[in-house]
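The primary structure of each chain is shown beneath.
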Amino acid sequence: MSKKENLTSSEKRDSFTSKTGFILACIGSAVGLGNIWLFPYRVGQFGGAAFLIPYIIFIVLLGYTGLMGEFAFGRMSQTGPIGSFKMALETKDKKWGGFLGIIPVFGAFGIAVGYAVVVGWFIRFLVGFITGSAISSADSGAYFGQIAGPFGSTVWHLIALVAVTIVLTSGVSKGIEKMNKIMMPAFYVLFVVLVVKVLTLDGAVDGLKYMVFPEWSSLLSPKTWIYALGQAFFSLSLAGSGMIVYGSYLKRDVDIISSAKNTVIFDTLGAFLAGLIIIPAVFAFGLDPAAGPPLLFITIPSVFKLMPFGRLFGIIFFVSVLFASITSLMNLLEVPIEAVQSTFKLSRKLSVAIVVIAAFLIGLFVENGDVLGSWMDFVSIYIIPLGAFIAAVMFFWVIGIEKAKSEIECGSEKKLGKLFEISAKYVFVFLTIFVLIAGILLGGIG
């Protein structure tokens, strides 16, 4: 791509209007089901605070390398993974980079299909707490089972996609950025309110101790470290897709190093807040903190039934969770939307319509909870890490570590040293391969 062509493409391209808007959008992408649903489960599964030690190590390392790399790769190419990979390989006189770029696009779309179903479940539970049906239901498991069966949540699934479509058709600055500026601060405020409430419950202190005091023996288990890596990897949305696309909407004067740091901090804060709500609440009522996937849709609604003013706090919880999941879904859908728009030179509205309709029609057949789990497992185990690996190789090896480092430093007063080069070229690339292999062997680690 010539400099002139790149400039013309950039001028036509929508962009984030501020660093704050970009960071909030990236936080919105990162803070999602992995933080709220899976993080408390993993903490409960792997020794409480013991899990936090490797998790923090990995999330800092991945943010320092992979997250900055994907931001910078997108900004350099001013396009999504298809265009980015194509541009990278063209520097080596290879013409097939665009075909490799299809892999992370399909990965993002595949997760978006399943994610939209789950967002529909959140909407259904929110409505259930508003009307009182979720509180009055005698069996939370049966209540969830009504919407988690075949074609059980079609209306709610459709509502979720319609809501996201309205935002996405408005574009990057007027849609994605504006909505994240509202939803993400609201999410944190509401979660803080819930933390304060939960910590006043009798018995909640036992759950807090579980979060704070490690079972050191868990650190001796390789699985603790492997699942902590998986949690950190998927939490940051490293997939060679969404963060590249968001980076492509980034102006050159924005500090990528600072943006990545803030994304890591607030993503981790979101996970901790979720843990501080769910685990102490579960302990307070004698339930299982390692209950697995049912934790969010069966165990937590059961907690709200037992809690004073549970209906009100159930509403607050599902509003905040809905905000976090919608902002993540926007990022996932933006990847195929950008690909369709750039590849076929279509209008944004038509590109949004094509992608959303396809996501809804395919999603109808994965509404069953068991099918949905298998679908999401396949995409997250095989496609997502592969996309992240290819993106890392393209940016840090094909384009080259010196150019990659220069692009990351653009807009920042900080300079990256030799440690970054080693971490990015070798450690991060190895970790993406490890996540892929470990996921296959263990049936998923994130």
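Bear in mind that the values here come from a model prediction, so they are computed numbers and not experimental data. (Residues numbered from 1 in each chain as written. Predicted model: local features only at pLDDT ≥ 70, side-chain atom pairs only at ≥ 80, totals over all residues. Heavy atoms only, no water.)

1. Topic: the overall build of the protein
Link 1 in the chain: Check the secondary structure of the protein and you find 19 helices and 0 strands.
Link 2 in the chain: Against the globule reference of 22 Å for 446 residues, the protein gives a C-alpha radius of gyration of 21 Å, in line with a compact fold.
Link 3 in the chain: Dimensions of the protein, computed from the C-alpha atoms along their principal axes, are close to 65 × 50 × 40 Å.
Link 4 in the chain: Out of the 446 residues belonging to the protein, those deemed buried represent 60%.
Link 5 in the chain: With the model as given, the accessible surface of the protein reaches about 17200 Å², and the carbon-plus-sulfur share is 70%.
Link 6 in the chain: Side chains of the protein carry 32 positive and 25 negative charges; the gap between the two charge centres is 6 Å. (Helix = DSSP H or I, 4+ residues; strand = E, 2+ residues; numbered from the N terminus. Rg over C-alpha atoms; globule rule 2.2 N^0.38 Å. Buried < 20%, exposed > 50% of the residue type's maximum accessible area, 1.4 Å probe, protein only. Areas by Shrake-Rupley, 256 points an atom, 1.4 Å probe, with all protein chains shown as cover. Lys, Arg positive; Asp, Glu negative; His and termini not counted. Charge placed at Lys NZ, Arg CZ, Asp CG, Glu CD.)

2. Section: the nonpolar core
Link 1 in the chain: Formed by 161 residues in total, the largest nonpolar core has its most connected members in Phe 191, Phe 317 and Leu 333.
Link 2 in the chain: For Leu 333, the residues in contact, after removing those within four places along its chain, are Ala 112, Leu 161, Val 164, Leu 168, Val 355 and Ala 359. (Core = buried A, V, L, I, M, F, W, Y, C linked by side-chain atoms within 4.5 Å. Contact = heavy atoms within 4.5 Å.)

3. Some remarks on a nonpolar patch on the surface
Link 1 in the chain: Taken together, Ile 53, Ile 57, Trp 216 and Trp 225 make up a surface patch of nonpolar side chains, about 400 Å² in accessible area.
Link 2 in the chain: Looking at the secondary structure, you find Ile 57 in helix 4 (residues 49-77). (Patch = residues over 30% accessible without salt bridge, like charges linked within 9 Å, V, L, I, M, F, W, Y side chains within 5 Å. Salt bridge = Lys/Arg side-chain N within 4 Å of Asp/Glu carboxyl O.)

4. Observations regarding empty space enclosed by the protein
Link 1 in the chain: In this structure the tally under the stated criterion is 3 cavities of 30 Å³ or more.
Link 2 in the chain: Approximately 60 Å³ is the volume found for the largest cavity.
Link 3 in the chain: Lining the largest cavity are Gly 66, Gly 69, Glu 70, Phe 73, Ile 244, Ala 388, Ala 391, Ala 392, Phe 395, Phe 396 and Phe 428.
Link 4 in the chain: For the lining of the largest cavity, the secondary-structure elements that each account for two or more residues are helix 4 and helix 18 (369-409).
Link 5 in the chain: In terms of residue class, the lining of the largest cavity is built from 8 nonpolar, 2 polar and 1 charged. (1 Å grid on protein atoms, 1.4 Å probe; cavity = no way out; pocket = protein on both sides within 12 Å on 5 of 7 lines; lining within 4 Å. Points joined across faces, edges and corners; volume = space filled by probe spheres on them. Nonpolar A, V, L, I, M, F, W, Y, C, P; charged D, E, K, R; others polar.)

5. A few points about the pattern of salt bridges
Link 1 in the chain: In the structure shown here, the tally under the stated rule is 7 salt bridges.
Link 2 in the chain: Here Lys 405 makes a salt bridge to Glu 421, at a shortest N to O gap of 2.7 Å. Separated by 16 residues along the polypeptide, Lys 405 in helix 18 and Glu 421 in helix 19 (residues 418-442) bring together distant segments of the chain. For the residue pair Lys 405 and Glu 421, the accessibility class agrees, reading buried in each case.
Link 3 in the chain: Lys 418 is the salt-bridge partner of Glu 421, the closest N and O atoms lying 3.3 Å from each other.

6. Observations regarding the confidence of the model for the protein
Link 1 in the chain: The pLDDT averaged across the protein works out to 91; a share of 96% of its residues lies at or above 70.
Link 2 in the chain: When mean pLDDT is compared element by element in the protein, helix 17 (residues 348-363) scores highest at 97, while helix 1 (residues 3-12) scores lowest at 43. (pLDDT = per-residue confidence, 0-100.)

7. Points about the side chain of Thr 327
Link 1 in the chain: By the secondary structure assignment, Thr 327 is in helix 16 (residues 310-344).
Link 2 in the chain: Within the structure, Thr 327 has its side chain in polar contact with the backbone oxygen of Gly 28 (distance 3.0 Å).
Link 3 in the chain: One polar contact links the side chain of Thr 327 to the main-chain carbonyl oxygen of Ala 324, over a distance of 2.9 Å. (Polar contact = N/O pair within 3.5 Å; in protein donor to acceptor, adjacent residues only side chain to side chain.)

8. Topic: the side chain of Asp 267
Link 1 in the chain: Structurally, Asp 267 is set in helix 14 (residues 256-284).
Link 2 in the chain: Of the buried charged residues, Asp 267 lacks a salt bridge, with Arg 42 as the closest side chain of opposite charge at 14 Å.
Link 3 in the chain: For Asp 267, the residues in contact, after removing those within four places along its chain, are Ala 30, Val 31, Asn 35, Tyr 55, Ile 59, Tyr 188, Ser 235 and Leu 236.

9. Comments concerning the packing of helix 3 (residues 33-45) against helix 4
Link 1 in the chain: Close contact between helix 3 and helix 4 brings their axes to 7 Å; oriented N to C, the two are set at 125 degrees. With respect to helix 4, the axis of helix 3 lies oblique. Every pair of crossing elements has a handedness; the one defined by helix 3 and helix 4 is right-handed. Between helix 3, through Phe 39, Arg 42 and Val 43, and helix 4, the contact on the second element is made entirely by Phe 51, Leu 52 and Tyr 55.
Link 2 in the chain: Across the contact of helix 3 with helix 4, the residue classes tally to 5 nonpolar, no polar and 1 charged. (Axes fitted to C-alpha atoms, helices over the stretch in contact; angles between N-to-C directions. Parallel < 35°, antiparallel > 145°, perpendicular 65-115°, else oblique. Left-handed = near helix turned anticlockwise from the far one by under 90°.)

10. As for the packing of aromatic side chains
Link 1 in the chain: If you walk through the whole model with that rule in mind, you get 40 aromatic pairs.
Link 2 in the chain: Between Phe 58 and Trp 225, the ring centres sit 6.3 Å apart and the planes meet at 85 degrees, which makes this aromatic pair edge-to-face. Here Trp 225 lies in helix 12 (residues 222-235) and Phe 58 lies in helix 4, a separation of 167 residues in the sequence.
Link 3 in the chain: By relative accessible area, which is 32% here, Trp 225 ends up partly exposed.
Link 4 in the chain: Their ring planes at 90 degrees and their centres at 5.5 Å tell us that Trp 397 and Tyr 426 sit as a pair that is edge-to-face. Of this pair, Trp 397 sits in helix 18 while Tyr 426 sits in helix 19; the two residues are 29 residues apart in sequence, bridging distant segments of the chain.
Link 5 in the chain: The class for Trp 397 is partly exposed, based on a relative accessible area of 40%.
Link 6 in the chain: Since its relative accessible area comes to 45%, Tyr 426 is described here as partly exposed. (Phe/Tyr/Trp six-rings, centres within 6.5 Å; stacked < 30°, edge-to-face > 60°.)

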